[in-house]
Amino acid sequence: MTKNKQTVQKYMEAFMASDHEKILSCLTEDVTWEVPGMFRLSGKEAFDKEIENDNFIGSPTIQIIRMIEENNIVIVEGAVQSKMKNGDLLDAVFCDVFHMQSEKIKHLTSYLMNK
């Protein structure tokens, strides 16, 4: 597994544990995270606040279906489930596009669709 894929794997595992420190260690200082049509965040501080979103309870369960890399782009297809405070369950599939810089995540675009 390449260094970039190792970083993304570490990031996904840390997200399932809500391990802020480990997640943030995978990011550049000027990281951006975008979910088209929903939000765009810039910087580690904003990213840190979104790790445990107020709408959810506990940590998500993430299944990686496929991870591919070309140049400094890592693409992950997967599924995510998480309990919501309103009693609903987020049960979705995703495609995350990671733009890497020096083996860290510089930009993340997350495409999310409920099952």
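These notes cover the structure that comes with them. The shown structure was predicted, so the numbers you read here are calculated from the model rather than taken from an experiment.

Rules used in this analysis
Residues numbered from 1 in each chain as written. Predicted model: local features only at pLDDT ≥ 70, side-chain atom pairs only at ≥ 80, totals over all residues. Heavy atoms only, no water. Salt bridge = Lys/Arg side-chain N within 4 Å of Asp/Glu carboxyl O. Helix = DSSP H or I, 4+ residues; strand = E, 2+ residues; numbered from the N terminus. Buried < 20%, exposed > 50% of the residue type's maximum accessible area, 1.4 Å probe, protein only. Expected span 1.5 Å × (residues − 1). Arc of directions from axis to C-beta. Polar contact = N/O pair within 3.5 Å; in protein donor to acceptor, adjacent residues only side chain to side chain. Contact = heavy atoms within 4.5 Å.

Before going further, it helps to examine the pattern of salt bridges. Considering all chains together, one arrives at 6 salt bridges under this definition. With its nearest N and O atoms 3.2 Å apart, the salt bridge here joins arginine 40 to glutamate 34. Taking the shortest distance from any N to any O, the salt bridge between aspartate 91 and lysine 115 comes out at 3.7 Å. Here aspartate 91 is found in strand β5 (residues 89–101), whereas its partner lysine 115 is found in the segment after β6 (104–114), with 24 residues between them in sequence. Residue classification places aspartate 91 among the partly exposed positions, given a relative accessible area of 28%.

Let's shift gears to unusual backbone geometry. Although it is not a glycine, asparagine 71 sits at a positive phi angle of roughly 55°. With respect to the helices and strands, the residue asparagine 71 is situated in the loop between β3 (56–70) and β4 (73–84).

Before going further, it helps to examine helix α1 (residues 3–16). Turn by turn, an α-helix covers 3.6 residues, leaving residues three or four places apart pointing in a common direction. Helix length check: α1, at 14 residues, gives a terminal C-alpha distance of 20 Å against a target of 20 Å (1.5 Å per residue), a fit within 8%. All buried positions along α1 are accounted for by Asn4, Thr7, Val8, Tyr11, Met12, Ala14 and Phe15. Projected onto a plane normal to the axis of α1, the buried residues spread over an arc of 165° and lie on a single side. Remark: serine 18 follows α1 within two positions and exhibits a positive phi of approximately 50°.

Take histidine 107: it is sitting in strand β6. With a relative accessible area of 16%, histidine 107 lands in the buried category. Side-chain polar atoms of histidine 107 contact the side chain of threonine 32, separated by 2.3 Å. A distance of 2.9 Å separates the side chain of histidine 107 from the side chain of threonine 109, its partner in a polar contact. Setting aside its immediate chain neighbours within four residues, histidine 107 contacts Thr32, Glu34, Arg40, Val97, Phe98 and His99.

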